[in-house]
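As a plain string of letters, each chain reads:
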Amino acid sequence: MGTRRTSEQVNQSIGSHLAAARRAGQCLVARDHNSRRTLDRWVKRGLLVSPASGCYEQPKLWHGLSAIDQSLCIMRSLQLKNPGLVFCGPSAAVAWGLYEPCGYIARPYAATPRCAHASSSRSLVRVCLPSGLDVEEVAGIRVTSLERTAFDAARMLGFRRGLGVCDRALALDGCSNDELLEGFRGMGRPRDREVALRCALNADGLSENGGESYARAVMLELGFATPLLQVPVADPMGEGQPYRLDYLWIPADLDAEKVLGGLAAGTLPAGGVAGCVAGELDGRAKTFDKQLTGDRDARDQLLAERRREARLTYYGLRVARFSFAEARDDAYLGRLLSSYGVPREPSS
């Protein structure tokens, strides 16, 4: 009986510590070697998962979290083990709300002064950054400043994913492209700045999400003209709220100001913007996410989408629709946009 009671006490202790860690937005962190051995046994039995070295959570609860919440949880947990950590790059971008990772970041990026000679480990990717950087606390996590985070994340993620980081930085900070560019020019080495500067130059705070930003980056890399984003279009029947176009290209021979004003006011005649092309990034979220659809039945939402597209074509818009998977297929997206007549940037 004594052994059973001891086992029950251990189980209760682990359960209570898991609950306390969960309330703090953390994983359960092993305090010492013995507790880690015990928790690792639970992992082998399938009672826990260990998403990062020395960090533990119940499988159902862990897998129920979004990639963003999982990443935040791991950073808070590692910070508990090492309070001096300062997260940077893509990890700090998650904390700031600048980056939507496809999967959680199991080995977060942590800033290390160039003089420290600290190396990466199973738990952390060490990034050498200048000492004396501004440190802020966001979501209970110590991170580099918004501008520094955007710079490092953009240069580390590359143009296609980094553009979304800079889009979001403009939206959150309220700064202009020129201000973001000016800040980036004072950071890093010249070769490190190239991608970040390109992201800052092409950033647009109107982009609604990372998927739209990624697709736009592909368009730009394929040589298509920069689209206008989130363009309001009045329902020609005068019903409901205005529509918004993810992307819009206006031919050079049309008066852009007149086109935009007429679409917003609904004063254009049928076929009034013939030659303009709208781009729409499709996704299951737009149809099935109750926060976006107001809890409408999926069938009703599909009918509403068809009605929306029919009313957009009233104005003469050609609507090119594509999924995120299709946006990641360069050849397909290039053929699609070309077939709809999306203009390309003039050759230099």
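Computed from a predicted structure; not experimentally measured. (Residues numbered from 1 in each chain as written. Predicted model: local features only at pLDDT ≥ 70, side-chain atom pairs only at ≥ 80, totals over all residues. Heavy atoms only, no water.)

Q: Whenever I open this one, the nonpolar core confuses me. Can you help?
A: Grouped together as the largest cluster of nonpolar side chains are 48 residues, with contacts concentrated most on Phe-87, Leu-98, Val-143 and Phe-184. The contact partners of Val-143, leaving out residues within four places of it in the chain, are Val-86, Phe-87, Ala-92, Ala-95, Trp-96, Asp-134, Val-135, Glu-136 and Val-138. (Core = buried A, V, L, I, M, F, W, Y, C linked by side-chain atoms within 4.5 Å. Buried < 20%, exposed > 50% of the residue type's maximum accessible area, 1.4 Å probe, protein only. Contact = heavy atoms within 4.5 Å.)

Q: I'm lost on the sheet that holds strand S10 (residues 277–282) in this one. Help?
A: Pairing between sheet strands relies on hydrogen bonds along the backbone, with the strands arranged either parallel or antiparallel. Spatial ordering of the open sheet is given by S8-S9-S10-S11, a layout of 4 strands whose pairing is mixed. Looking along the sheet, the strands with just one partner apiece sit at the ends: strand S8 (228–233) and strand S11 (318–323). The average angle at which neighbouring strand axes cross in this sheet is 45°, direction not considered. Of the pairings in the sheet, the one linking S10 to S11 comprises 6 bridges and is parallel in character. Each residue of the ladder has a partner; that of Val-277, found in S11, is Arg-318. Its contacts with the sheet place helix H14 (residues 298–314) against S8, strand S9 (243–249), S10 and S11, and it is angled at close to 50° to S9. (Pairing = 2+ DSSP bridges. Helix = DSSP H or I, 4+ residues; strand = E, 2+ residues; numbered from the N terminus. Axes fitted to C-alpha atoms, helices over the stretch in contact; angles between N-to-C directions.)

Q: Any chance you could explain the environment of Val-231 here in plain terms?
A: Here Val-231 is to be found in strand S8. Judged by its relative accessible area of 4%, Val-231 is buried. In this structure, the C-alpha to C-alpha distance between Val-231 and Glu-182, residues 49 residues apart in sequence, is 28 Å. Setting aside chain neighbours within four positions, we find Val-231 in contact with Tyr-243, Arg-244, Leu-245, Leu-248 and Leu-260.

Q: Is there a simple way to explain the packing of helix H7 (residues 159–173) against helix H10 (residues 210–221) in this structure?
A: Two quantities define a packed helix pair, namely the angle between the axes and the distance from one axis to the other. At a minimum axis separation of 8 Å, H7 and H10 run at an interaxial angle of 125°. One element, H7, and the other, H10, form an angle in the oblique class. Like other packed secondary-structure pairs, H7 and H10 cross with a definite hand, here right-handed. On H10, the residues touching Phe-159, Arg-160, Arg-161, Leu-163, Gly-164 and Asp-167 of H7 are Ser-213, Tyr-214, Arg-216, Ala-217, Val-218, Leu-220 and Glu-221. Grouping the amino acids of the contact of H7 with H10 by side-chain chemistry returns 6 nonpolar, 2 polar and 5 charged. (Parallel < 35°, antiparallel > 145°, perpendicular 65-115°, else oblique. Left-handed = near helix turned anticlockwise from the far one by under 90°. Nonpolar A, V, L, I, M, F, W, Y, C, P; charged D, E, K, R; others polar.)

Q: I would appreciate a short explanation of the packing of H7 against helix H9 (residues 190–202) in the present structure.
A: The geometry of H7 relative to H9 is characterised by a closest axis approach of 8 Å and an angle of 50° between their N-to-C directions. With respect to H9, the element H7 is oriented oblique. Note on packing geometry: the crossing formed by H7 with H9 is right-handed. Side by side, H7 and H9 meet where Phe-159, Gly-162, Leu-163, Cys-166 and Asp-167 of the first sit next to Val-195, Arg-198, Cys-199, Ala-200 and Asn-202 of the second. For the contact of H7 with H9, a count of residues per class yields 6 nonpolar, 2 polar and 2 charged.

Q: Help me understand the pairing of S10 in this model?
A: Buried residues dominate S10, accounting for 5 of its 6 residues. For S9 and S10, the ladder comprises 3 bridges, and the chain directions are antiparallel. Within the sheet, the bridge partner assigned to Trp-249 lies in S10 and is Val-277.

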